[in-house]
Amino acid sequence: MAEDNGGGGGFGWFLLGGVLGLIAGAYIASGPGRGQVDNLRSKTIELSTSEPVQKAKEAAQRARTIVTDPDHPVGKAIQDGVAAAKRKREELEATAARKMQRSTNLEE
């Protein structure tokens, strides 16, 4: 009789790899990698409160206000553009519907 060595062994190696990965992850999270994570977190907090970042956030907020303000020329231009696009779309849809209706009538 021939031995069957081809089945089931792959799952054991898969489990062994998972366990080794879990151990390595736990070591990195609690060991030397933990210091790097804490350092990166503190640097991110430091940079997010820096003056250039605050200025950029303020500029972005002003831009949002301008764009949404219908009394500001930029906000008015955006609203006019949106309204014009909506009218053009409705016009094109109506034209397409009429052409479809004509082609349907010609086929009958």
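Residues numbered from 1 in each chain as written. Predicted model: local features only at pLDDT ≥ 70, side-chain atom pairs only at ≥ 80, totals over all residues. Heavy atoms only, no water.

### A word on the overall build of the protein chain
We apply this condition: Each helix corresponds to a stretch of at least 4 residues labelled H or I by DSSP, and each strand to a stretch of at least 2 residues labelled E; elements are numbered beginning at the N terminus. We call a residue buried when its accessible area falls under 20% of the maximum for its residue type, exposed when it is over 50%, and partly exposed in between, using a 1.4 Å probe and counting protein chains only. Only the protein chains shown count as cover for residues, and all accessible areas are computed by the Shrake-Rupley method using a 1.4 Å probe.
The helix and strand tally for the protein chain stands at four helices and zero strands. Order of helices (α) and strands (β) in the protein chain, N terminus to C terminus: α-α-α-α. Expressed as a percentage of its 108 residues, the buried residues of the protein chain come to 2%. Looking at the protein chain as shown, the accessible area adds up to about 9500 Å², and 63% of this sits on carbon and sulfur atoms.

### Brief notes about the pattern of salt bridges
Threshold: Salt bridges are defined by distance alone: a side-chain nitrogen of Lys or Arg within 4 Å of a carboxyl oxygen of Asp or Glu.
Enumeration according to the criterion identifies five salt bridges in this entry. Residues K55 and E51 are paired through a salt bridge, measuring 3.1 Å at the closest nitrogen-oxygen approach. Taken together, the residues span about one helical turn, with K55 and E51 both in helix α3 (residues 51–68) at a distance of four residues. Judged by its relative accessible area of 53%, E51 is exposed. We note a salt bridge from K88 to E91, for which the minimum N-O separation is 3.4 Å. Placement of both K88 and E91 in helix α4 (residues 73–107) is noted, with a separation of three residues, approximately one turn of the helix. We classify E91 as partly exposed; its relative accessible area is 45%.

### A short note on the confidence of the model for the protein chain
For clarity, the threshold we go by: The pLDDT value expresses, per residue, how confident the predictor is, ranging between 0 and 100.
Of all residues in the protein chain, 87% have pLDDT values of 70 or greater, and the mean over the chain is 83. For the protein chain, the element scoring lowest by mean pLDDT is helix α2 (residues 32–48), at 77; α4 scores highest, at 91.

### Considering a nonpolar patch on the surface
This is how the line gets drawn: For patches, a residue must show more than 30% relative accessible area and have no salt bridge; joins then use 9 Å for like charges and 5 Å for nonpolar side chains, namely Val, Leu, Ile, Met, Phe, Trp and Tyr.
A cluster of nonpolar side chains, W13, L16, V19, L20 and I23, forms an exposed patch at the surface whose accessible area comes to about 550 Å². Examined against the element boundaries, L20 turns out to sit in helix α1 (residues 9–30).

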